[in-house]
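Residue-level listing of the chains:
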Amino acid sequence: MTVATERALCSLENYLELPDYTMDERIADARRELGRDCVVLGHHYQRDEVIRFADFTGDSYKLSKISAQAGGQYIVFCGVHFMAESADILARPGQQVILPDLNAGCSMADMAEIGQVEACWEQLQRLGVATEDSDGVTPLTYMNSTAAIKAFCGERGGLVCTSSNAAAAFRWAFKKTSKVLFLPDQHLGRNTAYAMGIPLSEMVVWDPYMLNGGVPADRLRNARVILWKGHCSVHQRFLPEHVDNVRARYPGIQVIVHPECRWEVCQKADQLGSTERLIKIIEDAPTGTMFAVGTEIHLVNRLKNRFAALGKKVITLDDSGCLCTTMFRISPQHLAWALENLVEGNVVNRIRVAEDVKYWARVALDRMLEIGKEAASIQHSQAVQRTA
Ligand code: 13P
Ligand code: SF4
């Protein structure tokens with residue numbers, strides 16, 4: 001039995017007892033042995049001890065594009081469950097997607113269950129809101145949702161979006177119908193629609209635990225945007241007073257936040273952006289600029305260290321920290337365990353989306369990838385308007 005076999009046959013529990021630093025060499029060795037058969041993708045919220053082994057890093061949009069083009073038999077996704085599901089939907093025949101810890105979920109994605117979304121649609125149809133014509137509703141889901149909800153949107157003429165192309169997705173949807181149902185993040189939906197000129201009075205929040213979403217029928221009929229009552233518990237912790245506090249303490253500071261933050265926070269910020277865009281904003285800024293960043297703490301700390309040497313100061317918008325505990329679940333031990341098993345030909349923690357769900361989910365994801373280019377220019381012009 002080879003040393004690698006002995007290790008791979010060790011249960012995950014044995015790996016979890018070992019210190020982080022002992023994993024580096026093992027991960028590097030396994031990567032080398034797997035060669036081009038394996039691509040490791042890392043979301044920006046991953047910890048340093050994990051993301052340093054990624055072949056590609058990015059926001060959800062960039063990673064989905066990369067996974068759609070990735071070669072190799074195995075895609076190891078250091079991120080959360082919905083990202084790995086999307087990679088499986090976009091994978092080529094024969095490719096297998098692995099999530100090193102199956103407990104790495106997303107609390108926001110869990111806030112919209114397919115049964116609830118189907119019930120919502122039925123109620124909207126009964127009220128004459130979700131009609132078949134251009135007066136009807138296009139369902140649009142944030143990437144942070146289950147494959148079943150992506151399929152639901154694909155089958156009903158809708159699509160998927162991420163924080164980097166939400167405005168383009170809304171424009172696409174409004175060309176077809178006068179209303180949009182946005183799942184599951186009310187904040188991204190509200191921030192995007194408002195930036196496009198839709199007033200808050202034309203948006204309603206659908207509560208899946210109440211009949212008709214808890215919204216009077218006439219308000220639903222008049223609304224242009226129906227926002228699902230979901231949120232990111234990590235980003236929702238940022239408050240408008242945090243923006244006021246950093247501005248008072250550091251005059252001239254630039255406040256940049258993820259659009260999963262509350263509308264009140266986004267209104268006070270200088271710029272909004274996906275994780276990839278937040279990084280780009282700091283990269284492009286002149287030396288001496290100071291930033292308060294409203295997003296997950298691992299990314300903020302990495303940016304702080306990276307840009308300190310370049311004379312740019314980066315702090316978190318809220319000192320009490322903003323940790324995504326599910327992203328944090330992917331540890332170097334989980335990564336080593338998954339890779340060493342692959343070296344031995346054992347595929348552990350494979351993410352497989354059921355074939356019947358895959359078809360329509362792929363339609364919705366392909367629609368998103370098609371509008372990708374347009375999105376980049378809209379995002380840019382919004383940023384320019386905000387800073388003007
Ligand atoms: P990005 O697509 O901006 O990386 O966001 C993903 C996410 O889950 C943010 O909470
Ligand atoms: Fe989900 Fe929020 Fe974590 Fe992003 S930061 S993965 S939305 S829980």
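1. Brief notes about unusual backbone geometry
Then comes step 1: Looking along the chain, the bond that leaves Leu183 and enters Pro184 is cis, with omega of -25°.
Then comes step 2: Note on placement: Pro184 falls in the loop between β7 (179-183) and α10 (186-195).
Then comes step 3: The phi dihedral of Asn212 falls on the positive side, at around 50°, and the residue is not glycine.
Then comes step 4: Looking at the element boundaries, Asn212 is found in the loop between β8 (203-206) and α11 (217-222).
Then comes step 5: Of note, the phi angle at Asn349 is positive, near 55°, even though the residue is not glycine.
Then comes step 6: Along the chain, the position of Asn349 falls in the loop between α16 (332-343) and α17 (355-370).

2. Quick word on the environment of Asp37
Then comes step 1: With respect to the helices and strands, Asp37 occurs in the loop between α3 (23-34) and β1 (38-43).
Then comes step 2: Here Asp37 falls in the partly exposed class, since its relative accessible area comes to 38%.
Then comes step 3: Taking C-alpha positions, Asp37 is 24 Å from Glu355, a pair spaced 318 residues apart along the chain.
Then comes step 4: Other than its neighbours up to four places away in sequence, Asp37 contacts Gly72, Gln73 and Tyr74.

3. A short note on the pairing of strand β13 (residues 313-316)
Consecutive side chains along a regular strand alternate between the two faces of the sheet.
Then comes step 1: Pairing of strand β12 (residues 290-294) with β13, which is carried by four bridges, proceeds in the parallel orientation. Residue pairing for β13: Met290 is matched across the bridge by Lys313.
Then comes step 2: One crossover worth recording links β12 to the parallel β13 by way of helix α15 (residues 297-308), and it is right-handed.

4. Thoughts on the pattern of salt bridges
Then comes step 1: The full count for this structure, using the stated rule, is 17 salt bridges.
Then comes step 2: For Asp48, the salt bridge is made with Arg302, and the minimal N-O distance between the two is 2.7 Å. Of this pair, Asp48 sits in helix α4 (residues 48-51) while Arg302 is found in helix α15, placing the two residues 254 residues apart along the sequence.
Then comes step 3: Its relative accessible area of 33% is what places Asp48 among the partly exposed residues.
Then comes step 4: Asp101 serves as the salt-bridge partner of Arg329, at 3.2 Å between the closest nitrogen and oxygen. Of the two residues, Arg329 is situated in the loop between β13 and α16 and Asp101 in the loop between β4 (96-98) and α7 (114-126); the sequence distance between them amounts to 228 residues.
Then comes step 5: The class for Asp101 is buried, based on a relative accessible area of 6%.
Then comes step 6: One network of salt bridges, in which partners are shared, links Asp88, Glu355 and Lys358.

5. Observations concerning α10
Every α-helical turn comprises 3.6 residues, leaving residues that sit three or four positions apart pointing alike.
Then comes step 1: Of all 10 residues making up α10, eight are buried, and the element is well covered by its neighbours.
Then comes step 2: Among all positions in α10, only Gln186, His187, Leu188, Gly189, Arg190, Asn191, Thr192 and Ala193 are buried.
Then comes step 3: The inward-facing, buried residues of α10 abut β5 (137-142), α9 (166-176), β7, β8, β9 (225-228) and α13 (263-268).

6. Thoughts on the pairing of strand β10 (residues 254-257)
Then comes step 1: Sheet analysis places β10 next to β12, joined by four bridges and oriented parallel. Residue Ile256 lies in a different strand from β12, and its bridge partner there is Val293.
Then comes step 2: As defined by bridge partners, β10 adjoins strand β11 (residues 271-272) across two bridges and the pair is classed as parallel. Note that in β11 the partner of Val257 across the bridge is Leu272.
Then comes step 3: For the segment spanning β10, α13 and β11, crossover handedness is right-handed.

7. Remarks on the sheet that holds β13
Adjacent strands of a sheet form backbone hydrogen bonds with each other and so pair up, either parallel or antiparallel.
Then comes step 1: The four strands are arranged β11-β10-β12-β13 in an open sheet whose pairing can be described as parallel. For this open sheet the edge positions go to β11 and β13, each flanked by a neighbour on one side alone.

8. Focus on the packing of α9 against α10
Then comes step 1: Where α9 meets α10, the closest approach of the two axes is 9 Å, and the angle between their N-to-C directions is 70°. Taken together, the axes of α9 and α10 lie roughly perpendicular to each other. In this structure, α9 contributes Ala166, Ala167 and Phe170 to the contact, and α10 contributes Leu188, Gly189, Thr192 and Ala193.
Then comes step 2: Looking at the contact of α9 with α10 residue by residue, the classes come out as five nonpolar, two polar and no charged.

9. A few points about the nonpolar core
Then comes step 1: With 108 residues, the main nonpolar core has Leu140, Phe182, Val255, Val257, Leu317 and Leu339 as its most contacted residues.
Then comes step 2: Once you skip the residues sitting within four places of it in the chain, Val257 turns out to touch Val265, Cys266, Ala269, Gln271, Leu272, Gly273, Leu278, Gly294 and Leu317.
Then comes step 3: With 21 residues, the next largest nonpolar core counts Ala112, Val117, Val204 and Leu220 among its residues.

10. Describing the site of ligand 2
Then comes step 1: What surrounds ligand 2 is the set Tyr45, Cys106, Ser107, Met108, Asn144, Cys232, His235, Glu260 and Cys324.
Then comes step 2: Grouping the constituent residues of the shell around ligand 2 by class yields five nonpolar, three polar and one charged.

What counts, and where the lines are drawn
The numbers attached to residues start from 1 for each chain and follow its sequence in the written order. Lettering of chains starts at A and numbering of ligands starts at 1, both following the order in which they are written. Only residues with pLDDT of 70 or above have their local features reported here, since the model is predicted, and side-chain atom pairs are shown and tallied only from 80 upward, although totals for entire chains, interfaces and linings are computed over all residues. To get the side-chain values, all heavy atoms of the structure are used, and hydrogens and water are removed first. We count a stretch as a helix when DSSP gives it H or I for four or more residues in a row; a strand needs E for two or more, and each element gets its number in order from the N terminus. Between buried and exposed lies partly exposed: a residue is buried under 20% and exposed over 50% of the maximum accessible area for its type, with that area taken using a 1.4 Å probe on protein chains only. By definition in these notes, contact holds between two residues if any of their heavy atoms fall within 4.5 Å. Paired strands are those between which DSSP finds at least two bridges. Clockwise travel from the first strand over the helix to the second, with the strands pointing away from the viewer, marks a crossover as right-handed. By convention in these notes, a salt bridge is any Lys or Arg side-chain nitrogen within 4 Å of a carboxyl oxygen on Asp or Glu. Helix axes are fitted to C-alpha atoms over the stretch in contact, other axes to C-alpha atoms as well, and angles between N-to-C directions run from 0 to 180 degrees. In what follows, roughly perpendicular refers to angles from 65 to 115 degrees, roughly parallel to angles under 35, roughly antiparallel to angles over 145, and oblique to any angle outside these ranges. Under the scheme applied here, ten amino acids are nonpolar (Ala, Val, Leu, Ile, Met, Phe, Trp, Tyr, Cys and Pro), four are charged (Asp, Glu, Lys and Arg), and all others, including Gly, are polar. Take the buried residues of types Ala, Val, Leu, Ile, Met, Phe, Trp, Tyr and Cys, join any two whose side-chain atoms come within 4.5 Å, and each joined set is a nonpolar core. To be near a molecule or strand, a residue needs just one of its heavy atoms within 4 Å of it.

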